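# Structure assessment
Residues per chain, in single letters:
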Amino acid sequence: MRDVRLLAGGLFGGMWVFQLYTAFLPEYFHTIRGMDLRAASSMTAVLPITGMFASLGGGIGTGITGLRKPFTWPVAITTLLGCAGAISMTDPIWIRVSLVLVGIGAAGSLAAITTLLMELPGMTPAKMGTGLAFMWSVGYSGAFVAPFLGGVLAAHYGLKAVMLGFLAFQFMPIVAMYFLPETGPGRARYEIAPAAGAASITTSSADAAQP
């Protein structure tokens with residue numbers, strides 16, 4: 001299914017970036033920013049703490065709005081901005097803010113992705129299981145390769161250059177999830193409203209044309 005492939009590609013890029021950053025951020029803060037290992041580790045601990053609340057907020061948000069897509073590619077943009085800020089900012093406060101964005105991007109879309117997959121046209125429980133297995137398998141392959149390849153390249157080009165360069169993979173979830181369909185029940189409100197407006201305009205024009 002096309003949409004399952006899009007989701008798998010998005011997870012590949014997202015998990016590539018997230019795994020690379022969680023693996024190397026403590027080392028980056030220690031060697032580049034001059035933090036001791038305790039401070040560097042506590043700084044990185046912002047990621048899972050933020051993820052706890054982001055995953056909950058994303059799940060509640062999809063339920064309240066009845067929409068899925070606002071919690072997919074826009075959330076992935078926060079990871080891109082957060083990762084860039086985490087390695088370019090020097091103020092500890094702004095570094096923490098950037099890591100909060102990364103945590104939101106990493107966990108805020110999980111409920112929406114799973115629900116969207118479940119609601120795809122033609123989806124069945126059997127296909128759902130296979131689709132999830134395929135998606136996570138592709139995603140974890142990116143998570144496996146990223147720190148291994150990143151470590152090799154960092155020895156030649158420097159850690160900061162590699163972390164900035166590998167941010168290009170974060171465009172994969174942004175682009176892939178942008179092209180996913182909106183499957184939530186809330187989409188009906190946005191489909192009916194324009195149709196009703198068009199019908200009103202057509203009726204008014206017809207009335208105006210009558211003598």
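Everything in this summary refers to the structure shown in the same document. Note that the structure is a prediction, hence the values are computed from the model and not measured. (Residues numbered from 1 in each chain as written. Predicted model: local features only at pLDDT ≥ 70, side-chain atom pairs only at ≥ 80, totals over all residues. Heavy atoms only, no water.)

### Focus on the packing of aromatic side chains
Inspection of the entire model under this criterion finds eight aromatic pairs. Aromatic pair Tyr28 and Phe29: ring centres 6.1 Å apart, planes at 65°, arrangement edge-to-face. Ring centres 5.8 Å apart and planes at 80° place the aromatic pair Phe166 and Phe169 in the edge-to-face group. Residue Phe169 is classed as partly exposed on the basis of its relative accessible area, which comes to 24%. Against the face of Tyr178 rests Lys69, its NZ or CZ located 5.3 Å from the ring centre. (Phe/Tyr/Trp six-rings, centres within 6.5 Å; stacked < 30°, edge-to-face > 60°. Buried < 20%, exposed > 50% of the residue type's maximum accessible area, 1.4 Å probe, protein only. Lys NZ or Arg CZ within 6 Å of the ring centre and 35° of its normal.)

### Here's the deal with the pattern of salt bridges
Counting across every chain of the model gives two salt bridges. The partner of Arg2 in a salt bridge is Asp3, and the shortest N-O contact between them spans 2.7 Å. Across the pair Arg68 and Glu119 runs a salt bridge whose closest N-O atoms are separated by 2.7 Å. Separated by 51 residues along the polypeptide, Arg68 in the loop between α3 (46-65) and α4 (73-88) and Glu119 in helix α6 (residues 110-119) bring together distant segments of the chain. (Salt bridge = Lys/Arg side-chain N within 4 Å of Asp/Glu carboxyl O. Helix = DSSP H or I, 4+ residues; strand = E, 2+ residues; numbered from the N terminus.)

### Things to note about the layout of surface pockets
A volume near 360 Å³ is recorded for the largest pocket. Leu11, Gly14, Met15, Ala106 and Leu110 are the residues nearest the centre of the largest pocket, which is lined by 21 residues in total. Elements that contribute at least two residues to the lining of the largest pocket include exactly α1 (2-31), α4, α5 (92-107), α6, α7 (125-157) and α9 (171-178). In terms of residue count, the dominant contributor to the lining of the largest pocket is α1 (six residues). (1 Å grid on protein atoms, 1.4 Å probe; cavity = no way out; pocket = protein on both sides within 12 Å on 5 of 7 lines; lining within 4 Å. Points joined across faces, edges and corners; volume = space filled by probe spheres on them.)

### Observations concerning α1
A rise of 1.5 Å per residue sets the reference length of α1, with its 30 residues, at 44 Å; its end C-alpha atoms lie 43 Å apart and thus fit the reference within 8%. Of all the bends found along α1, the most pronounced is centred on Phe24 and spans about 45°, while Pro26, a proline, follows it within four residues. (Expected span 1.5 Å × (residues − 1). Bend = angle between axes of the 7 residues up to and from the residue.)

### Some details on α5
Its 16 residues give α5 an end-to-end C-alpha distance of 23 Å, which sits within 8% of 22 Å, the value for a rise of 1.5 Å per residue. Looking at α5, one finds that the buried residues are Ile95, Ser98, Leu99, Val102, Gly103, Gly105 and Ala107. In this structure, the buried residues of α5 make contact with α1, α2 (37-44), α3, α4 and α6. Looking at where α5 begins, the residue whose side-chain oxygen comes 2.8 Å from the main-chain nitrogen of Ile93 is Asp91. (Contact = heavy atoms within 4.5 Å. Polar contact = N/O pair within 3.5 Å; in protein donor to acceptor, adjacent residues only side chain to side chain.)

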